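Okay, here's what each chain looks like letter by letter:
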Amino acid sequence: MSAGVARGRLSEERKAWRRSHPHGFVAKPETAPDGSVNLMVWHCIIPGRAGVSPHFPNLVDSTDWEGGNYPLTLYFTEDYPSKAPKCMFPKDFFHLNVYGSGMGWRPSITVRQLLVGIQDLLDQPNPASPADHEEYQLFVKDPAEYQRRVRQQAKKYPPLV
C-alpha cells in the first residue's frame, strides 16, 4: 500500500475527529517544533469510564478507571489501514491486557473505534488473553488488590482541566 493512502486516510480521520469525537477523548497528531504535523504519530487521552464495573458489581456508580485520563500514543505505518497501529501506554501502565511492546488491533478500524474499544478493554479486561502474568494473577486471585492498583493508577492520570 502506498504512503499516500495511509496519510490520506489519517488526514480524513483527523478531519472527522475534529468535527465530532466522543466526550472527554483527545486524539491529536504529533506537532514538530517547526509546526509541521506528523500524521503517523497521534497523542491521545482516553477517559476512564463512569458507571458500574461488570467485574466488581459491589462498586456502584463508578468504575475503577473513572477519574483518570489515560495517555496513549498511536504509531501508524505506511501500511495503514491494512496494518493496525501500535498502541503504547506509558511504561509500567497497569492492566492485564496491555503489552509493554504496544498492543495491536484489527486493521481497517478508525481512530475513534480504536480509542472507544480501548476504553472498553480498560474497564472490561479479558482474562482469557492476559498480557501480563502478575496483573492476571491479581485480577483472578486478589480482585480487591487489582481494584486498588487500578484506582491508584487513576490518580496518577488526573482529569484534564
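For the structure, see preceding data.
Reading guide: rules and limits
Residues numbered from 1 in each chain as written. Predicted model: local features only at pLDDT ≥ 70, side-chain atom pairs only at ≥ 80, totals over all residues. Heavy atoms only, no water. Pairing = 2+ DSSP bridges. Helix = DSSP H or I, 4+ residues; strand = E, 2+ residues; numbered from the N terminus. Axes fitted to C-alpha atoms, helices over the stretch in contact; angles between N-to-C directions. Contact = heavy atoms within 4.5 Å. Salt bridge = Lys/Arg side-chain N within 4 Å of Asp/Glu carboxyl O. Buried < 20%, exposed > 50% of the residue type's maximum accessible area, 1.4 Å probe, protein only. Arc of directions from axis to C-beta. Polar contact = N/O pair within 3.5 Å; in protein donor to acceptor, adjacent residues only side chain to side chain. Disulfide = S-S within 2.5 Å. Core = buried A, V, L, I, M, F, W, Y, C linked by side-chain atoms within 4.5 Å.

Looking now at the sheet that holds strand β2 (residues 37-47). Within the open sheet, the 4 strands sit side by side as β1-β2-β3-β4. Their pairing is antiparallel. The outermost strands of the open sheet, each flanked by one partner alone, are β1 (26-31) and β4 (86-88). When strand polarity is set aside, the average angle formed by the axes of neighbouring strands in this sheet is 30 degrees. Here β1 runs beside β2; their pairing, made up of 6 bridges, is antiparallel. Of the residues in β2, the one forming a bridge with Glu-30 is Asn-38. The strands that helix α2 (residues 111-123) touches are β1, β2, β3 (69-75) and β4; relative to β2, the one it contacts most, it runs at about 35 degrees.

A word on the pattern of salt bridges. Overall, the coordinates contain 7 salt bridges when judged by the stated rule. The partner of Arg-151 in a salt bridge is Asp-64, with the nearest N and O atoms 3.4 Å apart. Linking Arg-151 in helix α4 (residues 143-156) with Asp-64 in the loop between β2 and β3, this pair joins segments that are 87 residues apart in sequence. Residue Asp-64 is classed as buried on the basis of its relative accessible area of 4%.

Buried within helix α3 (residues 133-141) are the following residues: Glu-135, Leu-138 and Phe-139. Buried residues of α3 fall within an arc of 100 degrees about the axis and therefore sit on the same side. In α3, those exposed residues whose orientation departs by more than 90 degrees from the buried face are His-133 and Lys-141. Structurally, α3 contributes buried residues whose contacts are with α4. Its side-chain oxygen placed 3.0 Å from the backbone nitrogen of Glu-134, Asp-132 serves as the N-cap of α3.

The subject of this paragraph is the pairing of β2. A large share of β2 lies buried, amounting to 8 of its 11 residues. The antiparallel hairpin formed by β1 and β2 contains 5 residues in its connecting segment, where Gly-35 sits at a positive phi of about 90 degrees. Where β2 meets β3, 7 bridges bridge the pair, whose relative direction is antiparallel. Note that in β3 the partner of Ile-46 across the bridge is Tyr-70.

Another point: unusual backbone geometry. Residue Pro-81 is reached from Tyr-80 by a cis peptide bond, and omega for that bond is 10 degrees. Within the secondary structure layout, Pro-81 lies in the loop between β3 and β4. In the Ramachandran plot, Asp-92 falls in the positive-phi region, its phi being about 65 degrees despite a non-glycine side chain. By the element assignment, Asp-92 lies in the loop between β4 and α2.

Below, the discussion takes up the state of the cysteines. Inspection of the entire model under this criterion finds 0 disulfides. For the unlinked cysteine Cys-44, the closest cysteine sulfur is that of Cys-87, found at 8.3 Å.

Below, the discussion takes up the nonpolar core. Grouped burial of nonpolar side chains is what soluble globular proteins tend to show. Core analysis: the largest hydrophobic core is formed by 34 residues, its most contacted members being Leu-72, Leu-74 and Leu-115. Sorting the residues of this core by element identifies α1 (3-19), β2, β3, α2, α3 and α4 as the ones contributing at least two each. When neighbours within four sequence positions are excluded, Leu-72 is seen to be in contact with Trp-42, His-43, Cys-44, Ile-46, Cys-87, Met-88, Phe-89, Leu-115 and Ile-118.

These values are about where atoms sit, not about what they do.
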